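For reference, the chains in residue letters:
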Amino acid sequence: MTAFNEINPHDSPRALFVFELRRHRTAAGLTQKQLAERIGFSESMVAMIESLKRTPSQRFAELCDQALDLDGAMTRLHVATTWHKAPEHFRPWLEEEQDATALHGWEPVLVPGLLQTEAYARELFAAEPGIGADEMDERLASRMQRQTVLDREDAPFVVALIDEAVLYRPIGTAEVRKKQLTHLLEVAQRPQVTIQVVPRAAQALCGLLGGFIIAERNGSSYAAYVEGQPNGRIVDDRPTIAKLLRRYDALSSEAVPYRQSLKLIHEAVDQDA
């Protein structure tokens, strides 16, 4: 079990929630079992939430407020720390992404969300039919907040495979595209980020059906986000993750080496210049 003093509230939104939950529970003199009995959850569920292995629901936060007589403190904290500005279907994945020690992704169409500039992301959100200005701003803020995971001291190791066509897709103005490609070159200099390009000549047919990203914790792949229309989905069953890993390995074998990939990105920058 994760020790109380091992939880750093600055690591992630969920870590902050857990840190405060443990602080209030211990101040009330309750064990995990006693809290579980008061709120009608299993002791194992409370333990998993407090060890960052499960994401707390809003109902869980509300019941903790009642059991600990906190006047809505945990509920307000839950809202503030669970990516409430992100699309609802995507919030659980953001939590998984925060806990991952490595992320392996494939993107055949667009620059991966973790690597997008604000201007590039705005172009994508603005193209959504029926989206309002407020919703677009909220989604943009969430996208930028999501990227802060790369700035953490314990940032996950990221390997992003992208199709060469992504480098030339006309998203926004030439200036928007040039800044996005330049950003890729800058991010690729970080020691925990690797970007590899799958060239247009490659037979990457298994990747043309859509992008995906696989989360790994301490060497074990445990969840993945698979893109789709109108919304993507999270999968965590072992057979599906195994299939995605096989696809990722097949695509990785088609990618050119890191330095050659950067050269391809440089060539795309020069073409937009």
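Because the structure is predicted, anything quoted here is derived from the model rather than measured.

Calculation criteria
- Residues numbered from 1 in each chain as written.
- Predicted model: local features only at pLDDT ≥ 70, side-chain atom pairs only at ≥ 80, totals over all residues.
- Heavy atoms only, no water.
- Helix = DSSP H or I, 4+ residues; strand = E, 2+ residues; numbered from the N terminus.
- Rg over C-alpha atoms; globule rule 2.2 N^0.38 Å.
- Buried < 20%, exposed > 50% of the residue type's maximum accessible area, 1.4 Å probe, protein only.
- Contact = heavy atoms within 4.5 Å.
- Areas by Shrake-Rupley, 256 points an atom, 1.4 Å probe, with all protein chains shown as cover.
- Lys, Arg positive; Asp, Glu negative; His and termini not counted.
- Charge placed at Lys NZ, Arg CZ, Asp CG, Glu CD.
- Pairing = 2+ DSSP bridges.
- Axes fitted to C-alpha atoms, helices over the stretch in contact; angles between N-to-C directions.
- Phe/Tyr/Trp six-rings, centres within 6.5 Å; stacked < 30°, edge-to-face > 60°.
- Lys NZ or Arg CZ within 6 Å of the ring centre and 35° of its normal.
- Core = buried A, V, L, I, M, F, W, Y, C linked by side-chain atoms within 4.5 Å.

Peer 1: How should the overall build of the chain be read in this particular structure?
Peer 2: Scanning the chain from terminus to terminus reveals 11 helices and six strands. Relative to the 2.2 N^0.38 estimate, which gives 19 Å for 273 residues, the radius of gyration of the chain is 21 Å and therefore close to what a compact globule would have. Projected onto its principal axes, the C-alpha coordinates of the chain cover approximately 65 × 40 × 35 Å. Scored against the burial criterion, the 273 residues of the chain give a buried share of 49%. Partitioning the contacts of the chain with sequence separation of at least 6, the portion at a separation of at least 24 is 69%. Of the accessible surface of the chain, which amounts to about 14,000 Å², a share of 50% is contributed by carbon and sulfur atoms. Side-chain charges of the chain comprise 31 positive and 39 negative groups, with the mean position of each set lying 3 Å from the other.

Peer 1: Hey, could you run me through the pairing of strand β1 (residues 102-107) in this one?
Peer 2: On any regular strand, side chains alternate: one points to one face of the sheet, the next to the other face. Within β1, six of the six residues are buried, which leaves the element mostly enclosed by the surrounding structure. The side-chain alternation of β1 yields two buried faces, one formed by Ala 102, His 104 and Trp 106 and the other by Leu 103, Gly 105 and Glu 107. Of the pairings in the sheet, the one linking β1 to strand β2 (residues 157-163) comprises six bridges and is parallel in character. Note on β2: the bridge partner recorded for Trp 106 is Leu 161.

Peer 1: Where do I start with helix α4 (residues 58-68) in this structure?
Peer 2: The periodicity of an α-helix, 3.6 residues per turn, causes residues three or four places apart in sequence to face the same way. Of all the residues in α4, the buried ones are Phe 60, Ala 61, Leu 63, Cys 64, Asp 65, Ala 67 and Leu 68. Taken from the residues just after α4, Asp 69 is the one with a positive phi, measuring 55°.

Peer 1: Just to check I follow, could you spell out the side chain of Gln 116 for this structure?
Peer 2: Assignment of secondary structure puts Gln 116 in the loop between β1 and α7 (118-126). Dropping the residues within four chain positions of it, Gln 116 is found in contact with Val 111, Ala 121, Leu 124, Arg 143, Met 144, Gln 147, Gln 180 and His 183.

Peer 1: Quick question: what am I supposed to make of the sheet that holds β1 here?
Peer 2: Two strands in a sheet stick together by hydrogen bonds in their backbones, pointing the same way (parallel) or opposite ways (antiparallel). Strand order in this open sheet of six strands is β3-β2-β1-β4-β5-β6, and the pairing throughout is mixed. Among the strands making up the open sheet, the edge pair consists of β3 (193-198) and β6 (233-235). On average, each strand axis in the sheet is inclined to that of its neighbour by 15°, with strand direction left out of account. Across six bridges, the pairing between β2 and β3 is parallel. Directly across from Ala 160, in β3, lies its bridge partner Ile 195.

Peer 1: Is there a simple way to think about the packing of aromatic side chains in this case?
Peer 2: How two aromatic rings sit relative to each other is set out by the distance from centre to centre and by the angle between their planes. The final tally for this structure, using the stated rule, is three aromatic pairs. Aromatic pair Phe 41 and Phe 60: ring centres 5.2 Å apart, planes at 90°, arrangement edge-to-face. Of this pair, Phe 41 sits in the loop between α2 (32-39) and α3 (43-50) while Phe 60 sits in helix α4, placing them 19 residues apart in sequence. Each ring, one from Phe 90 and one from Tyr 225, has its centre 4.9 Å from the other, and the planes form 80°; the classification is edge-to-face. Here Tyr 225 lies in strand β5 (residues 220-226) and Phe 90 lies in the loop between α5 (73-80) and α6 (91-99), a separation of 135 residues in the sequence. Overall, Phe 90 belongs to the buried group, its relative accessible area being 13%. A connected cluster of aromatic rings, assembled from ring pairs, spans Phe 90, Trp 93 and Tyr 225. Sitting above the plane of the Tyr 222 ring, Arg 217 keeps its charged end 4.0 Å from the centroid.

Peer 1: Please clarify how the nonpolar core should be interpreted in this entry.
Peer 2: One recurring pattern in soluble globular proteins: nonpolar side chains tend to sit buried together. Counting residues in each nonpolar core, the largest one holds 38 residues, and the members touching the most others are Trp 93, Leu 103, Leu 115, Leu 167, Leu 184, Ile 195 and Ile 265. Counting only elements with at least two residues in this core, the list comes to α6, β2, α9 (174-187), β3, β4 (212-217), β5 and α11 (258-272). The contact partners of Trp 93, leaving out residues within four places of it in the chain, are Leu 103, Arg 146, Ile 213, Ile 214, Ala 215, Ala 223, Ala 224, Tyr 225 and Ile 234. Of all hydrophobic cores here, the second largest spans 17 residues; its members include Phe 17, Leu 21, Met 74 and Leu 77.

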